Each structure stands twice: as C-alpha cells, then as structure tokens.
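Here is how the chains run, residue by residue.
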Amino acid sequence: MSSPVAVVGVGTTDYGALGRPADDLAGEALRAALADAGLSVTDVDGLLTHRVDSYEGLAAEHGLDPRWTVPLPPEGRMTGPAVQLAAAALREGLCHTVALVYGNDGRTRGATYGAGNSGSTAAGEGYGTTPALTTPYGMTSPGAFSALMLQRHRHLHGTTEEHLATVATTFRAHAALNPRALRREPLTVEDYLASRYVVAPLHVLDYCQINDGGVALVLTTLDRARDLRRTPVHVLAAAQRGRLAGSDLPPEDFWAGALGEVGEAVLRAGGRRREDVDALMVYDNFSPNVLFTLEGLGWCRPGESPEWIADGRIALGGELPCNTSGGQLSEGYLQGWGLVVEAVRQLRGDCGPRQVAAARTVQYACAAPIVSSVLFATEA
Amino acid sequence: MDVRPHIEGLRVGELRVARCGACGVPAFPPPRRCPRCGAHDAADWFTASGRGTVWSFAVFHKTYLPGHPAPYPVAVVELAEGPRLVTTLTGLPPEDLRDIRVGRAVTAEIDAHREPPRVVFRPDPEGAAR
C-alpha cells in the first residue's frame, strides 16, 4: 500500500427512539467525530453518506463543499464497501480527509422491514429483485429470508434452537457492559426459548433492535493521521464480493464461498493470519448470520458453527470475542456502523469493562448479497 | 427479469418456469445472461410437471401484509426439473405447520382465478409412491 489509511475520529449519538430526523443524527455524529479527531469541517474534503435522506442537505447544513462526494444506497450491506471506497479514494489522492456519515431514524419512523413502510428499497422488504414472484405468497422481510436460510442449515447440519440461542445470550451479556446498548437486561437460554416467533424458526430475540442513531468516522492518510490527537487505527484492508446473481432465493452455500474469498483477501492484503484476529464484528441483522459468517470465514467447517460457539468461544475472554458492544441484536441496529465503531474503540483501548485485552487486529464482516470484510489494526 | 410467461401460464393453469436454452441450467426467474454458460436471452420456458420437494420453509407468526394473516407458511420448493421458486403450502391446518419438513414431497396446485394467479404446493401423503 503506497499510502496507508487510518481512522482518526469516530462519533456516535445516543441510540433508541429519539424522535429526530436521520440527517440531524448524522450531523451530530459528524460533529462528534470531527471533535474526536481534533479537526473542523474545513479540514474535510471527502464526504460519503449512507442512509441519510439528503446528502446535499447534510453537506449544506455543515458547510461542506468536498472534492469527493459519494452517497450510497441505504442497505446495510453497503457499510464495508463504504470503508473500502473511502480508503481507495484516499490512496488515490482524490481527497485527503473523508467523513463517512450515517444516520437512521427507522425506529421513530416505524420501520418494520417487511410491511412496506420502511421508506427503503426492495432490500428493506426482503432480498431479491422480483417481488412479483414473492409477495403473492406473503414472502416479505429480510428476517424471513434469514429464517429460510436457518431452516435449511437446520436440515443439513442439525442446528438447534439451543445452539442458536448462544448468539443472542452472548451478545446480550456483552451489551450489559456497554452503557450505550438498548438491551442490557440479562438473557438466558430459557428466556430465548420462551420468546415468541416472528418468522419461525426465528425468535424475536434473533432479530436486531430497530433503532435511531447517527455514526460518523473520519479517515485520512497515515502521514496526516500521525499529527492528530488520537492514536490512528489503521484500515489495513477491505474486500467485497457480490452474490447478486440469483439473489432472489437463499444462497445454496450460506454465502460461504464469498466469505472465504473476502476473508482471505483482507488477511493477505493486511499481512495477517486468521489467528492474529483478536475480535470479530459480525453483521448480526439476524443471529443465523453469525453462524454463516464464522463458517464462511473458516473459523470452523461448514455446519460446525453451532458446536463451535457453544463453549464461550465468541464471548469476551473466549478465543474469538464477537460483537463486544452487544451487536445489532442488543446494542442496536445501525446497519454495521455500530460494529465498525466498536472495532475502532477496541483498538484504541476505549472499551472499559468490555475491552478485549491487548487487541491489535479486529475484523468486520458482513454476509449479505454483497459480502464484505474490513481489517482494522493498531499497526501497519 | 421477465416473469410474464410464468404469470400468463398460471392464468391458463400451467406452471411455466425457465432454464437456459443453451446449457440447460435451471434459471428462474430467468436472468438476461445465463449464470453458468453466459448465453444471452436464451431462456427456455417450459411447463413443469408440478412435482417437487420442500427445499426450505418458514412460518410467519407476524402479519406484515394485508391479505396474508399469520400464521402461514412460506416455502422454497425445488421442482423435479430443477428450478426453485418461492411459494406457499396448502392443505395444512395451522396446528400442523410444525409438521412440515425439508425434503417433503409436494405437488403444485394452480389457482388461476386469483389476481394475481398463484401456484401453491400441497404435501403428498406421507409414503406416497412417486
């Protein structure tokens, strides 16, 4: 890499039912990230926005006239690609300091991700390109797509509800150590099993917490980063692979092929081995995705994740702590951005009681019709 | 993707799906370019037998859409000829939804008079000869 890139500022708002527009939350997060970096808006010459209503309004509100502006469509699968794209723009010299700004008012707006009022694209209603073949049968919602995948996994590999409960209970225990998390009350396997189904076999506790919030990151080149107030967190590598062809139906391989590819790509480009990864931030819109991601990245063999996670491996103190913030299941759904910020905070050592000891390398991964991964580290 | 031949087939009581006319790979809904051999605009529409198996399924316990009160099942059925489609299952009282299994043999029933027309699948009797 000719010109390494680093995260030099992060900002987050409160989470929950906030009653404020997405762009207002995004703007607050932007200000917070700039303050964290010790920069002002005049230092920003690149702007990437995600999920906000108006990139133009947001830029105007904060007096930004960037050299490089990219608004991305609202799906959560865009978060890894967003970091990849901003890093590429910096390496290419298209700009020197990029603000990545995200705002979501889905909870205030009453988004249900399935009933047609999420104000989003077809991806807000369910995966796929051809609603004429699905809605006449009552097929809707990304959760139902995940439920179909889980049922298939259960059939092939014997995955049980008790196995899957480990994901929700582990992340809830992490959330108890995170003051920002929406759901901090203890959760037992028994609570999980007794909870209602939404689209069976998924329980309500397998669904992320629909949320309002803003997140912003400031990225710059390492030569500039060294002069700023916070210790830089390196963006070592990022990769993506589409699984868009055939995306009307659940993927035969639970996205394992694409996950394996992007996982190997970021480790190779970052000069790391899998054992070097100190924590993994997994896109947990629904808990089965955690199983699919662990298998796809090669932490265990296909079908072995239910057993692999059973003995505390993905908990704080385990072999591979995952979603130390509580993840989207318990901290709150911010389409991956909360997980990216947690990766940065872990590498800064800012996580207090949920700190992963001596964390030096943290990976973000998202299993979706665009599979992506980003590798962050304390050193190049 | 062009699904009109499928919908028009259902209107006249036929289950029409597609495969690649060049290499034969099942491709439904049919993309412009075959995912296996790369042939363009080569969709070969044919009338399926209506026999298939449950590839996966899920049971909605939440009502999202008007006209689809929970509980109801949604299934991905793999047709004997290869293509898979999203559908629903019929002939199962709500208390028996737990008895659906992946791999269960099912047969198509077409409701041509509904708007839009639909193809739903009824589980074959357990142990039925195929």
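Preceding this section is the structure that the text describes.
Residues numbered from 1 in each chain as written. Chains lettered and ligands numbered in written order. Predicted model: local features only at pLDDT ≥ 70, side-chain atom pairs only at ≥ 80, totals over all residues. Heavy atoms only, no water.

A. Region of the structure containing the overall build of chain B. Counting its secondary structure elements, chain B contains one helix and seven strands. Against the 2.2 N^0.38 benchmark of 14 Å for 130 residues, chain B shows a C-alpha radius of gyration of 15 Å, consistent with a compact globule. Overall size of chain B, expressed as C-alpha extent along the three principal axes, is 45 × 35 × 25 Å. By residue count, 45% of the 130 residues in chain B fall in the buried class. Taking the 17 positively charged and 15 negatively charged side chains of chain B as two groups, their mean positions are separated by 5 Å. (Helix = DSSP H or I, 4+ residues; strand = E, 2+ residues; numbered from the N terminus. Rg over C-alpha atoms; globule rule 2.2 N^0.38 Å. Buried < 20%, exposed > 50% of the residue type's maximum accessible area, 1.4 Å probe, protein only. Lys, Arg positive; Asp, Glu negative; His and termini not counted. Charge placed at Lys NZ, Arg CZ, Asp CG, Glu CD.)

B. Layout of the nonpolar core. All names here are of chain A. Residues Val199, Leu280 and Leu294 are the most contacted members of the largest nonpolar core, which totals 61 residues. Ranked by residue count, the leading element in this core is helix 6 (residues 142–157), at six residues. Each residue touching Leu280, except ones within four places of it in the same chain, is listed here: Leu294, Leu297, Trp299, Leu320, Pro321, Cys322, Asn323, Gln363 and Ala365. Grouped together as the second largest cluster of nonpolar side chains are 48 residues, Ala89, Leu90, Tyr333 and Phe376 included. (Core = buried A, V, L, I, M, F, W, Y, C linked by side-chain atoms within 4.5 Å. Contact = heavy atoms within 4.5 Å.)

C. Spotlight on the pairing of strand 7 (residues 233–242) of chain A. Residues and elements named next belong to chain A. Looking at chain direction, strand 1 (residues 5–12) and strand 7 are connected through two bridges and run antiparallel. Along strand 7, the bridge assignment pairs Ala6 with His234. Pairing of strand 7 with strand 10 (residues 370–377), which is carried by eight bridges, proceeds in the antiparallel orientation. Paired with His234 across the bridge in strand 10 is Ala377. (Pairing = 2+ DSSP bridges.)

D. Broad picture of the pattern of salt bridges. Residues and elements named next belong to chain A. Enumeration over the complete set of coordinates arrives at 28 salt bridges over all chains. Here Asp53 and Arg109 are joined by a salt bridge, their closest N and O atoms 2.9 Å apart. Taken together, the residues span a long stretch of sequence, with Asp53 in the loop between strand 2 (46–50) and helix 2 (55–61) and Arg109 in helix 4 (residues 106–109) at a distance of 56 residues. Judged by its relative accessible area of 52%, Asp53 falls in the exposed class. Residue classification places Arg109 among the partly exposed residues on the basis of a relative accessible area of 40%. For the salt bridge of Arg109 with Asp105, the shortest nitrogen-to-oxygen distance reads 3.1 Å. (Salt bridge = Lys/Arg side-chain N within 4 Å of Asp/Glu carboxyl O.)

E. Main features of the sheet that holds strand 6 (residues 212–221) of chain A. Residues and elements named next belong to chain A. One open sheet accounts for nine strands, arranged 3-2-4-6-1-7-10-9-8; its pairing is mixed. Only two strands of the sheet have a single neighbouring strand rather than two, namely strand 3 (68–72) and strand 8 (279–282). Strand-to-strand twist across the sheet, computed as the mean angle between neighbouring axes with direction ignored, equals 25°. Here helix 14 (residues 337–348) sits on the sheet and contacts strand 1, strand 2, strand 4 (97–105), strand 6, strand 7, strand 8, strand 9 (361–366) and strand 10; the angle it forms with strand 1, its principal contact strand, is near 115°. (Axes fitted to C-alpha atoms, helices over the stretch in contact; angles between N-to-C directions.)

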